[in-house]
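# Analysis of the macromolecular model
Listed below, chain by chain, are the residues.
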Amino acid sequence: MDAKVAVNNIRKKFKELPVVDGVDFQIGDGEFVAIVGPSGCGKSTLMKIVAGFEQPDAGDVRIDGERVTRPSPKGIVISQHGSVFPWLTVQQNLMFGLTGDNHGDKAALADHYAAMVGLKGFENAYPHQLSGGMLKRVEIARALVVKPEILYMDEPFSALDALMNLKMRNELLRVLTEERHTVLLITHDVEEAIYLADRILVLSPRPTRIQASFRVEQPHPRKLSSPVLQQLKEDILVQLGVNNDESSRQGPIDQRAEGLVDAG
Ligand SMILES: Nc1ncnc2c1ncn2[C@@H]1O[C@H](COP(=O)(O)OP(=O)(O)OP(=O)(O)O)[C@@H](O)[C@H]1O
Ligand SMILES: [Mg+2]
């Protein structure tokens, strides 16, 4: 598989605080990679570097072989904190990033994406008239409408309640089957990662490194209760140091990681 995004031995310190300690991975064209890791380990920092908003102290990021020195027009970020403009309607928010002069075309495209995330009928509503979940969907539609080649998502669903979180996972999968994107998802939710991703990277505590990598082969829609995915969840939790019984039975985390790290 061609590397759409190549992250080469990234290191980053903030003053004396080492945050990213040599992170190396690639995302294939059209691949969905999820990153999980403990709170404060450096996930958002890593995402900002990959998306071109922060510069690494060492190493580099390449998109289609080209070095990233600033945010690339090929990628778009859906962040932990919202970025919808409160003074624009849903339709105007979606039209915001579109270029071209034909207002009618832009409006039609905006409405198409609003419908895609289940916001038909709310095109002329303002953000304060929407629920939290609807706002998140505006956010996602706004990212998709510009047809980015790469979607960077930092905890996109973490502010949502459990039910809306589940709905949004499915909306996202549906959109991805309609339109292929390369995706990097940061999440603290192991099940979300297992439900969505082709590959899951587990980060260590700060200064962060990749501690293990898991491939998820199951076709969509996935059943999280299936024995294979339950086992995968346990293996990832062991890596995160959550499942203490398991980790003491299976030896030190880094030894166990070695056998699990895959080639790609
Ligand atoms: N701009 C900055 N200046 C100084 N320190 C920073 C900066 N950004 C992040 N940090 C520090 O880097 C560390 C990692 O932060 P980061 O936001 O990347 O973690 P995270 O894994 O995304 O956390 P969370 O799971 O809580 O979202 C933290 O100790 C944080 O204080
Ligand atoms: Mg974060």
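Above this text sits the structure in question.
Description of the structure in this document. Computed from a predicted model, the values in this text were never measured in an experiment. (Residues numbered from 1 in each chain as written. Chains lettered and ligands numbered in written order. Predicted model: local features only at pLDDT ≥ 70, side-chain atom pairs only at ≥ 80, totals over all residues. Heavy atoms only, no water.)

### So, the overall build of the chain
When helices and strands are tallied, the chain shows nine helices and 10 strands. Since a compact globule built from 264 residues should have a radius of gyration of about 18 Å, the 19 Å found for the chain is in line with a globular shape. Considering the chain as a whole, with its 264 residues, one finds that 49% of them fall into the buried category. Counting only contacts in the chain whose residues sit at least 6 apart along the sequence, the fraction spanning at least 24 positions is 66%. Roughly 12,800 Å² of accessible area belongs to the chain as shown, and the carbon and sulfur atoms make up 51% of that amount. With 30 positive and 35 negative side-chain charges, the chain shows a spacing of 2 Å between the two charge centroids. (Helix = DSSP H or I, 4+ residues; strand = E, 2+ residues; numbered from the N terminus. Rg over C-alpha atoms; globule rule 2.2 N^0.38 Å. Buried < 20%, exposed > 50% of the residue type's maximum accessible area, 1.4 Å probe, protein only. Contact = heavy atoms within 4.5 Å. Areas by Shrake-Rupley, 256 points an atom, 1.4 Å probe, with all protein chains shown as cover. Lys, Arg positive; Asp, Glu negative; His and termini not counted. Charge placed at Lys NZ, Arg CZ, Asp CG, Glu CD.)

### Describing the site of ligand 1
Lining the immediate environment of ligand 1, one finds 13 residues, of which Gly 40, Gly 42, Lys 43, Ser 44 and Thr 45 sit closest. Within the contact set of ligand 1, an oxygen atom lies 3.0 Å away from a side-chain nitrogen or oxygen of Ser 39. Protein coverage of the free-state accessible area of ligand 1, which is 640 Å², stands at 61%. Where the shell around ligand 1 is concerned, the elements lending two or more residues are β2 (17–28) and α1 (43–50). No other element matches α1, which puts three residues into the shell around ligand 1. When its residues are assigned to classes, the shell around ligand 1 shows five nonpolar, six polar and two charged. (Near = heavy atom within 4 Å. Polar contact = N/O pair within 3.5 Å; in protein donor to acceptor, adjacent residues only side chain to side chain. Nonpolar A, V, L, I, M, F, W, Y, C, P; charged D, E, K, R; others polar.)

### Quick word on unusual backbone geometry
Residues Arg 206 and Pro 207 are joined by a peptide bond in cis, for which omega reads -10°. With respect to the element layout, Pro 207 can be found in the loop between β9 (199–203) and β10 (210–215). Going from His 220 to Pro 221, the amide bond is cis rather than trans, its omega being -5°. Looking at the secondary structure, you find Pro 221 in the loop between β10 and α7 (227–239). Here the phi dihedral of Asn 9 falls at roughly 50°; this positive angle occurs in a residue that is not glycine. Looking at where Asn 9 falls in the secondary structure, it is placed in strand β1 (residues 3–14). Classification of Asn 9 as partly exposed rests on a relative accessible area of 36%.

### Notes on the pattern of salt bridges
Summed over all chains, the structure comprises 15 salt bridges. Across the salt bridge formed by Lys 4 and Asp 64, the nearest N and O atoms sit 3.0 Å from each other. Of this pair, Lys 4 sits in strand β1 while Asp 64 sits in the loop between β4 (58–63) and β5 (66–67), and the two are 60 residues apart along the sequence. A salt bridge links Lys 74 to Asp 64; the shortest N-O distance between them is 2.7 Å. You can see Lys 74 sitting in the loop between β5 and β6 (75–78) and its partner Asp 64 sitting in the loop between β4 and β5, a full 10 residues away along the chain. When its relative accessible area of 28% is taken as the criterion, Lys 74 is described as partly exposed. The class of Asp 64 is partly exposed, set by a relative accessible area of 37%. When salt bridges with common partners are traced through the structure, they connect Lys 4, Asp 64, Lys 74 and Glu 149 into a single cluster. (Salt bridge = Lys/Arg side-chain N within 4 Å of Asp/Glu carboxyl O.)

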